[in-house]
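Given next are the chains, with one letter for each unit.
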Amino acid sequence: MKPADYPEPFHDLVRELRRLPGVGPRSAERIALWLASAKDARPLDLAQALRHAAENLRSCQTCGFFCTEEFCEICRDETRAGGEICVVEQATDILPLERTAFFHGRYHVLGGRLAPLDHVGPEQLRIGELLARIKIEQPREIILALSADVEGEATTNYLAEILTPAGIPLTRIAHGLPAGGGLEHADPLTLQRALSGRNPVRV
Ligand SMILES: [Zn+2]
């Protein structure tokens, strides 16, 4: 006799959930169980939101932030032109900086940081795009706002080396940020201090 198993749709759901970052087999089963049986799960609303996001969300051609058109609202805002470009690791780092209401320049999302052990080199990051952009936009200043951990430091140093020849003032945010923490976990006041206390980068 074959042992009983979950019905196929449940298996399919668990398999798809396991593809999500940070979701292991046990969590996938728990979420699938909740989706399949909880009264307030509304799985079709979730499916619709996923479809809507997948069909409409994209990355800004210039900076890499989320948008629904070719360019994001920050890059379309002409009052932000010609100022500072703040370089961040992820698109999710931008909103915490925006919430400080302190920074009025534009951003550039690298899409990660240098991590040789995970096979992330300069080619895997949006560094070429940054160099091309700098030539066209000629910003007043480039601010490096990367994490304060080992990989973030390595990325900051690498960028400092290749950006210095462009002759544009290069600074990095002051690090009063939580150790090992990215920008997204910092509160607005800490971020504002980190921005206002930024220091010139020396190679
Ligand atoms: Zn943009």
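In this section: the packing of helix H1 (residues 8-18) against helix H2 (residues 25-37). Where H1 meets H2, the axes come as close as 9 Å, and the angle between the chain directions of the two elements is 130°. Classified by the angle their axes make, H1 and H2 are oblique. H2 is crossed by H1, and the crossing has right-handed handedness. Residues Phe10, Leu13, Val14, Leu17 and Arg18 of H1 form the contact with H2, whose participating residues are Pro25, Ala28, Glu29, Ile31, Ala32, Leu33, Leu35 and Ala36. By residue class, the composition of the contact of H1 with H2 is 11 nonpolar, no polar and 2 charged.

Right, let's get into the side chain of Asp93. Assignment of secondary structure puts Asp93 in the loop between strand S3 (84-88) and helix H5 (94-99). Buried and unpaired, Asp93 has no salt bridge, with Arg113 as the nearest side chain of opposite charge at 8.5 Å. There is a polar contact of 3.3 Å between the side chain of Asp93 and the backbone nitrogen of Glu89. Apart from residues lying up to four places away in sequence, Asp93 is in contact with Val88, Leu183 and Glu184.

This paragraph deals with the sheet that holds strand S6 (residues 170-172). Reading across from one edge, S4-S3-S5-S6-S7 is the order of the 5 strands in this open sheet, with mixed pairing throughout. The sheet is open, and its two edges are formed by strand S4 (106-109) and strand S7 (199-200), each paired on a single side. The strands touched by helix H6 (residues 127-137) are S3, S4 and strand S5 (141-144); relative to S4, the strand with the most contacts, the crossing angle is about 155°.

When pLDDT is averaged across the protein, the result is 91; 97% of the residues are at 70 or more. Per-element confidence in the protein ranges from a low mean pLDDT of 84 for helix H8 (residues 188-196) to a high of 97 for S4.

Once that is clear, we can look at the nonpolar core. Across soluble globular proteins, you tend to see nonpolar side chains buried next to one another. Of all hydrophobic cores here, the largest spans 23 residues; its most connected members are Cys72, Cys86, Val88 and Leu97. Secondary-structure elements contributing two or more residues to this core are helix H4 (73-76), S3, H5, S4 and H8. Among the elements that make up this core, the one with the highest residue count is H8 (3 residues). Non-local contacts of Val88, meaning those with residues more than four positions away in its chain, are made with Asp93, Ile94, Leu97, His108, Val109, Leu110, Ala145, Leu146 and Leu183. Within the second largest apolar cluster, 17 residues are counted, among which are Val87, Leu114, Ile134 and Ile142.

The subject of this paragraph is the layout of surface pockets. To find leftover empty space, a probe the size of one water molecule is rolled over the atoms. In this model, the largest pocket occupies a volume close to 320 Å³. Sorting the residues of the lining of the largest pocket by element identifies H1, H2 and helix H3 (43-56) as the ones contributing at least two each. With 4 residues, the top contributor of residues to the lining of the largest pocket is H3. Among the residues forming the lining of the largest pocket, the class breakdown is 9 nonpolar, no polar and 2 charged.

Further remarks concern the packing of aromatic side chains. Throughout the structure, instances matching the rule amount to 3 aromatic pairs. Ring centres 4.5 Å apart and planes at 50° place the aromatic pair Tyr6 and Phe10 in the tilted group. Taking relative accessible area as the criterion, Tyr6 reaches 40% and is therefore assigned partly exposed. On the basis of relative accessible area, Phe10 is assigned to the buried category, the value being 14%. The interplanar angle of 45° and the centroid separation of 5.8 Å between the aromatic rings of Phe65 and Phe66 together place this pair among those described as tilted. With a relative accessible area of 42%, Phe66 lands in the partly exposed category.

Among the residues of H1, Phe10, Val14 and Leu17 are the ones counted as buried. End-on view of H1: buried residues confined to an arc of 65°, all on one side of the axis. Exposed side chains of H1 directed beyond 90 degrees from the buried face belong to Glu8 and Pro9. Buried residues along H1 sit in contact with H2.

The rules behind these values
What you see as residue numbers is a count from 1 along each chain, following the sequence as written. In keeping with the predicted nature of the model, local features appear solely for residues at pLDDT of at least 70, side-chain atom pairs appear and are counted solely at 80 or more, and the whole-chain, interface and lining totals rest on all residues. With hydrogens and water set aside, each side-chain value is computed from the structure's full complement of heavy atoms. Angles shown run from 0 to 180 degrees and are taken between the N-to-C directions of axes, each axis being a line fitted to C-alpha atoms and, for helices, limited to the stretch in contact. For the purposes of this entry, the term helix denotes a DSSP run of H or I that reaches at least four residues, the term strand denotes a run of E that reaches at least two, and both are numbered from the N terminus. Throughout this description, any angle smaller than 35 degrees is read as roughly parallel, any larger than 145 degrees as roughly antiparallel, any in the 65 to 115 degree range as roughly perpendicular, and the remainder as oblique. Crossings are classed by handedness, with left-handed meaning an anticlockwise turn of the near helix from the far one by less than a right angle and right-handed meaning a clockwise turn. Residues are treated as being in contact if the distance between any of their heavy atoms lies within 4.5 Å. Under the scheme applied, nonpolar residues are Ala, Val, Leu, Ile, Met, Phe, Trp, Tyr, Cys and Pro; charged residues are Asp, Glu, Lys and Arg; polar residues are all the others, including Gly. Remark: exposure states derive from per-residue accessible area (1.4 Å probe, protein chains only) relative to the maximum for the residue type, with buried under 20%, exposed over 50%, and partly exposed in between. In this count, Lys and Arg are taken as positive residues and Asp and Glu as negative ones, while His and the chain termini are left out. Whenever a carboxyl oxygen of Asp or Glu lies within 4 Å of a side-chain nitrogen of Lys or Arg, that contact is scored as a salt bridge. Polar contacts, as counted here, are pairs of nitrogen or oxygen atoms within 3.5 Å of one another; within protein the pair requires one atom able to donate a hydrogen and one able to accept it, and residues that are adjacent in sequence qualify only if both atoms are side-chain atoms. Should DSSP find at least two bridges between two strands, the strands are regarded as paired. Values of pLDDT, ranging from 0 to 100, describe the predictor's confidence in every residue of the model. Buried Ala, Val, Leu, Ile, Met, Phe, Trp, Tyr and Cys residues that are joined via side-chain atoms within 4.5 Å together make up what is termed a nonpolar core. Cavities and pockets are defined on a 1 Å grid built over the protein atoms alone: a cavity is a set of grid points where a 1.4 Å probe fits but cannot escape, while a pocket is an open set with protein on both sides within 12 Å along at least five of seven lines, and lining residues are those with an atom within 4 Å of any such point. Grid points are joined across faces, edges and corners, and a volume is the space filled by probe spheres set on the points. Classification of ring pairs rests on two measures: the distance between centres of Phe, Tyr or Trp rings, Trp counted by its six-membered ring, which must be within 6.5 Å, and the angle between planes, read as stacked under 30 degrees, edge-to-face over 60 and tilted in between. Starting at the helix axis, one direction is taken to each C-beta atom, and the arc is that of these directions.

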